[in-house]
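# Structural overview for review
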Protein chains: 2
Amino acid sequence: METSSDCEAMDPDALQAAERFFDAAPPLSGESDVIAQLKAFVYKQNRSEKGRPIVCVTSGGTTVPLERRCVRFIDNFSAGNRGAASTEFFLKSGYAVIFLSRTGSVQPFCRDLPERPLLDCLETAPDGSLHARPQYEQTVLSALKAHSTVVADGTLLHLHFTTLFEYLQMLGLVGSLLEGFGKRAFFYLAAAVSDFYVPWETMHEHKIQSAGGPLAMELCNVPKMIPLLRRRWAPEAFVVSFKLETDMGMLMQKAKGALLKNGVHAVVANELHTRKDKVVIIEAAGETVLTRDSRDEDIEEKIVGHLTQRHRLYLKHGNGRERASDQAAPQSI
Amino acid sequence: METSSDCEAMDPDALQAAERFFDAAPPLSGESDVIAQLKAFVYKQNRSEKGRPIVCVTSGGTTVPLERRCVRFIDNFSAGNRGAASTEFFLKSGYAVIFLSRTGSVQPFCRDLPERPLLDCLETAPDGSLHARPQYEQTVLSALKAHSTVVADGTLLHLHFTTLFEYLQMLGLVGSLLEGFGKRAFFYLAAAVSDFYVPWETMHEHKIQSAGGPLAMELCNVPKMIPLLRRRWAPEAFVVSFKLETDMGMLMQKAKGALLKNGVHAVVANELHTRKDKVVIIEAAGETVLTRDSRDEDIEEKIVGHLTQRHRLYLKHGNGRERASDQAAPQSI
C-alpha cells in the first residue's frame, strides 16, 4: 500500500488551481458515451479470470484553442508513434490497454503504413477483387491479423481527444474508473500535453483579426495534473510520465524534478532528436539508459519491457518507489 | 490581357515585407525534388494536345512554429475537406490539378473513409485473401477506381507542406512554374493560411520553459502574398481566394475588401459553422450565393462549376474582373 511518507499530501494551492481549471473548462462533448465505453471495458477486464493488468496509454499532442469558435490553436508536436508502438508491446505482454490518443495520430498496428493506406497499399484486379500491392502485402496482412486478434480478445479500447480540455477531462474519467483496479492499473503518460493555455473565460469568442497589427498573447500555465492522478483519482496505480526537451542538460534536471514533485514511479526522459534511439528511465532506484541496437528495432519494446517488470515488482512487493539501496544497481540495456 | 488599370502596381512596402519574409525563412527542405516533380508534371500537361487547363488547389492549415527545434506550434483549423472535394470536381471537369496540401489532411477520393481506413474497411477471409467489409465495399472500390484513373491519366500531382514557410515557398514555386500557362492557369487558394507568425530570426532555439510562469508571445503579421502571386509570379493566371470568418457581418466586409485589395478574380466567403451548406462568391460582377440542396451533395461541386465557367469566360474573352454591367445579373443557385 501507498504510505503517506512517500506520497505527500497535495499542495492545497496546486489542488485549487486544478479544480479551477476543471470548473472553467468547456463541458466534455460525448461524456456519457465515453463513460459507457469505459465502464463496459473495465467490466469485461474485471471478469477476466487471469487478473489481467490494465494500462492507460496516452498518446499524441493536445491542442490549445485560441478562440472559442476555434479557427486557430496551439499544438504540441507529436505524431504519436511512441504511444502506438508501446500499446502493441503492452498487448503482447498481456495487458489490457485503454489507448487515449489524439484524433488523427498514429494508431497501433498502423505505424508502417503509408500516408494514404488504402490508395497506396491496395489495387483491384481486372475481375474487381482486392489485392494488396506486393510491396505492402506483408504489412497489410500483419496489421489486419494483429488488429483482429485484439478485437476478438476485447483487450483494446480506443478513446480520442483533440484539445487539452478534452484530454485532461478524459484522463480524469479513466483515473477514477481505474481506481478499483488498485495496483493492477498502470498509467503510461506519453501524450505531449501543453504547458500553456488560454482559459475558456478569457478566450476570444470570434476569430482574432489580423488587421489590428501584431498579436500579443498571454498564455497561462496549465495546472499540474499528475499529482491529482497520483493522490486523488487512482492513488494506488503505477504511474510513469514522460519528459521531452530539446536541451540535454535541461532534460535530466527536469526529469529528476518531475519524479520527486509528482510522486510518479518513473519518468522516461527523451530528447527530441534522439528519442527513437535512446531514452533514460529515472526512478527512485536510479537511472537506466535504454538504447536501440538496430533500425529494425523499436525502442518501445525495451521501455515497455523495463516498466512492466517494475510494475510486476510493484504488484508483488512494494510501492515501486524503492530507494537505490533496495534494488539491483542501475544498468544500461 | 491583364491591363495595368485593373491590376495596379504592387505597394512597394508590401513587396518589401514579402521579400523580407522569404529572405528570413528557413530553407525549403527537398526544394530541388519539388521543382523536379513540378517540372515533369508541367511538361506532361504542356504536351497534352487538348490544351488542358491547370489548377493549383491549396488545402489544409499551415503551422507556425514557436521554437526552431519545434515542440510547439500554432495551427489553423482545417481538415482539408473543401480542397480534397474540389480537386475531385476539377479533375472531373477536365483540369490537371496540383494539389498542394497539408501533410495528414484529407486527400481526394478518401473523404468518406473512416479514420483507420485499412483496419476498419478490410478483413481477411480464412484462406488469407483480402476483402472489403460489406458496409465499406462501395466506398473502397470507387476510391481505388477514381484514383487509378487519375494515376493513368497523369492529371494529379500531390505536394505536401506543414509550416507556413513551406506553404508560401511552395506556392511561389508553383506560381513561377505556371507563369508560362498564362490564362490557362488557375489558383484555387482554399488552404487556411496563418495571418500571424514568429519570424525565424527572433524564434526561441529550444523548447520554451513553463517554469518561468505565464507565457507572453508577440506574433507578427504575415505579409500578404496573394498580391505577389497576382503581380509577380503568375500575373495572367485566374486567382480565387477564400475567406473564413466566424462572424457573418465581418465576413462579407473582409471578403469584399480582399477582392479589391488583392486583385483576385473571385473571393469565396464562408462562415465556420455553415460552410458546408452555403458560400457566397464575391466577384467584381456581384455576389452569387451557392447553397447545397441535400446532405448527399457536396457544395464544392457548385463552387467548382461556377468558377470553372468563369475561368472559361476569362480564357475566351476578358480579364475575368468585368464590372456587373458587363455580365448577367448576380444569381442564387
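The rules we used
- Residues numbered from 1 in each chain as written.
- Chains lettered and ligands numbered in written order.
- Predicted model: local features only at pLDDT ≥ 70, side-chain atom pairs only at ≥ 80, totals over all residues.
- Heavy atoms only, no water.
- Helix = DSSP H or I, 4+ residues; strand = E, 2+ residues; numbered from the N terminus.
- Rg over C-alpha atoms; globule rule 2.2 N^0.38 Å.
- Buried < 20%, exposed > 50% of the residue type's maximum accessible area, 1.4 Å probe, protein only.
- Areas by Shrake-Rupley, 256 points an atom, 1.4 Å probe, with all protein chains shown as cover.
- Lys, Arg positive; Asp, Glu negative; His and termini not counted.
- Charge placed at Lys NZ, Arg CZ, Asp CG, Glu CD.
- Pairing = 2+ DSSP bridges.
- Axes fitted to C-alpha atoms, helices over the stretch in contact; angles between N-to-C directions.
- Salt bridge = Lys/Arg side-chain N within 4 Å of Asp/Glu carboxyl O.
- Least-squares fit on C-alpha atoms with pLDDT ≥ 70 in both.
- Contact = heavy atoms within 4.5 Å.
- Buried area = accessible area lost by both parts, 1.4 Å probe.
- Polar contact = N/O pair within 3.5 Å; in protein donor to acceptor, adjacent residues only side chain to side chain.
- Phe/Tyr/Trp six-rings, centres within 6.5 Å; stacked < 30°, edge-to-face > 60°.
- Expected span 1.5 Å × (residues − 1).
- pLDDT = per-residue confidence, 0-100.
- Left-handed = near helix turned anticlockwise from the far one by under 90°.
- Nonpolar A, V, L, I, M, F, W, Y, C, P; charged D, E, K, R; others polar.

What follows deals with the overall build of chain A. Each helix and strand counted, chain A has nine helices and 14 strands in total. Here the C-alpha atoms of chain A give a radius of gyration of 21 Å, agreeing with the 20 Å that 2.2 N^0.38 yields for 333 residues. Projected onto its principal axes, the C-alpha coordinates of chain A cover approximately 70 × 60 × 40 Å. Split into buried and exposed, the 333 residues of chain A put 56% on the buried side. Of the roughly 14500 Å² of accessible surface on chain A, a fraction of 51% belongs to carbon and sulfur atoms. In chain A, the 38 positive side-chain charges and the 41 negative ones have mean positions that sit 2 Å from each other.

Moving on to the sheet that holds strand β14 (residues 286-291) of chain B. Residues and elements named next belong to chain B. Pairing is mixed in the open sheet, where eight strands are placed in the order β7-β4-β1-β8-β11-β12-β13-β14. Here the strands that pair on one side only, and so sit at the sheet edges, are β7 (156-161) and β14. Adjacent strand axes in the sheet meet at a mean angle of 15° when their direction is disregarded. The sheet contact formed by strand β1 (residues 54-59) and strand β8 (residues 185-189) spans five bridges and is parallel.

Quick look at the pattern of salt bridges now. Residues and elements named next belong to chain A. A full pass over the atoms with the stated rule returns 30 salt bridges over all chains. Among the ionic pairs, glutamate 67 bridges to arginine 72, the shortest N-O distance being 2.9 Å. With respect to burial, glutamate 67 and arginine 72 carry one shared label: buried. As a salt-bridge pair, arginine 310 and glutamate 283 come within 2.6 Å of each other at their nearest N and O atoms. In this pair, arginine 310 sits in helix α9 (residues 299-316) while glutamate 283 sits in strand β13 (residues 278-283), placing the two residues 27 residues apart along the sequence. On the basis of relative accessible area, glutamate 283 is assigned to the buried category, the value being 7%.

Moving on to unusual backbone geometry. Non-glycine residue phenylalanine 109 of chain A carries a positive phi angle of around 70°. Along the chain, phenylalanine 109 of chain A turns up in the loop between β4 (96-102) and α4 (117-121).

So, on to the pairing of strand β3 (residues 72-76) of chain B. The two faces of the sheet receive side chains in turn, since in a regular strand these alternate between them. Counting buried residues along β3 of chain B, five of its five residues qualify, which places the element largely inside the surrounding structure. Going residue by residue along β3 of chain B, you find Arg72, Ile74 and Asn76 of chain B tucked away on one face and Phe73 and Asp75 of chain B tucked away on the opposite face as well. Pairing analysis gives five bridges linking strand β3 (residues 72-76) of chain A to β3 of chain B, with the strands arranged antiparallel. Bridged to aspartate 75 of chain A within β3 of chain B is phenylalanine 73 of chain B. Pairing of strand β2 (residues 63-65) of chain B with β3 of chain B, which is carried by three bridges, proceeds in the antiparallel orientation. Each residue of the ladder has a partner; that of threonine 63 of chain B, found in β3 of chain B, is aspartate 75 of chain B.

Superposition of chain A onto chain B requires a rotation of 180° combined with a translation of 0.0 Å along the rotation axis, giving an RMSD of 0.0 Å. The operation mapping one copy onto its partner corresponds to a two-fold rotation axis. When each C-alpha of chain A is compared by its distance to the rotation axis, isoleucine 74 of chain A comes out closest, at 2.1 Å. Mapped onto chain B, 100% of the interface residues of chain A again fall at the interface, so both copies present the same surface.

What follows covers the interface of chain A and chain B. Between chain A and chain B, the contact holds 60 residues from the first and 61 residues from the second. Looking only at chain A, the three residues that lose the most surface to chain B are Leu118, Leu119 and Leu130 of chain A, adding up to 12% of its buried area. Put simply, chain A and chain B have two salt bridges between them. When the shortest N-O distance is used, the salt bridge between arginine 72 of chain B and aspartate 195 of chain A registers 2.7 Å. Our enumeration of links across chain A and chain B arrives at 12 residue pairs in polar contact (both at pLDDT 80 or more).

Okay, the packing of aromatic side chains next. All names here are of chain B. This structure, assessed with the given rule, holds 30 aromatic pairs over all chains. Their ring planes at 25° and their centres at 5.6 Å tell us that phenylalanine 21 and phenylalanine 165 sit as a pair that is stacked. Placement of the pair is phenylalanine 21 in helix α1 (residues 12-24) and phenylalanine 165 in helix α6 (residues 164-178), with a sequence separation of 144 residues. The buried category is assigned to phenylalanine 21, whose relative accessible area is 3%. Here phenylalanine 165 falls in the buried class, since its relative accessible area comes to 3%. Ring plane angle 65° and centroid distance 5.0 Å describe the contact between phenylalanine 161 and tyrosine 167, whose orientation is recorded as edge-to-face.

Residues and elements named next belong to chain B. When the terminal C-alpha atoms of helix α8 (residues 248-262) are compared, their 21 Å separation across 15 residues agrees well with the 21 Å that a helix rising 1.5 Å per residue should span. By the N-cap criterion, in which a side-chain oxygen at the helix start approaches the backbone nitrogen of a residue two or three places on, α8 is capped by aspartate 247, the distance to glycine 249 being 3.0 Å. Once α8 finishes, glycine 263 follows within two positions and takes phi at roughly 65°, a positive value.

The next point concerns the confidence of the model for chain A. Summary statistics for chain A give a mean pLDDT of 87 and a share of 92% for residues scoring 70 or more. Note that residues 322-333 of chain A has pLDDT below 50 and, in this model, 22 contacts with residues that lie over four places away or in other chains.

Residue and element names in this part refer to chain B. Note on placement: aspartate 120 falls in helix α4 (residues 117-121). Distance from aspartate 120 to glutamate 88, taken between C-alpha atoms, is 24 Å for residues 32 residues apart in sequence. Excluding anything up to four places from it in sequence, aspartate 120 contacts Pro114, Arg133 and Tyr136. A distance of 2.8 Å separates polar atoms of two side chains, one belonging to aspartate 120 and the other to arginine 116.

Residues and elements named next belong to chain A. If you walk across this open sheet you meet the eight strands as β7-β4-β1-β8-β11-β12-β13-β14, and the pairing is mixed. Edge positions in the sheet fall to β7 (156-161) and β14 (286-291), since each has one partner strand and no second. Neighbour-to-neighbour, the strand axes of this sheet turn through a mean angle of 15°, independent of strand direction. Against the sheet, helix α2 (residues 31-47) engages β1 (54-59), β4 and β7, with an angle of about 160° to β7. Contacting β8 (185-189), β11 (238-245), β12 (266-271), β13 and β14, α9 runs over the sheet at an angle of about 15° to β13.

Moving on, we come to the packing of helix α2 (residues 31-47) of chain B against α6 of chain B. Residue and element names in this part refer to chain B. For the pair α2 and α6, interaxial distance at closest approach is 11 Å and the crossing angle is 30°. Between α2 and α6 lies a crossing whose hand is right-handed. Every residue of α6 that contacts α2 at Glu31, Val34, Ile35, Leu38, Lys39 and Val42 is listed here: Met170, Leu173, Val174, Leu177 and Leu178. The residue makeup of the contact of α2 with α6, split by class, is nine nonpolar, no polar and two charged.

Our next topic: the side chain of glutamate 300 of chain A. Residue and element names in this part refer to chain A. Mapped onto the secondary structure, glutamate 300 falls in helix α9. In this structure glutamate 300 comes out as buried when scored by relative accessible area, which is 8%. Excluding anything up to four places from it in sequence, glutamate 300 contacts Arg82, Ala85, Ser86 and Phe89.

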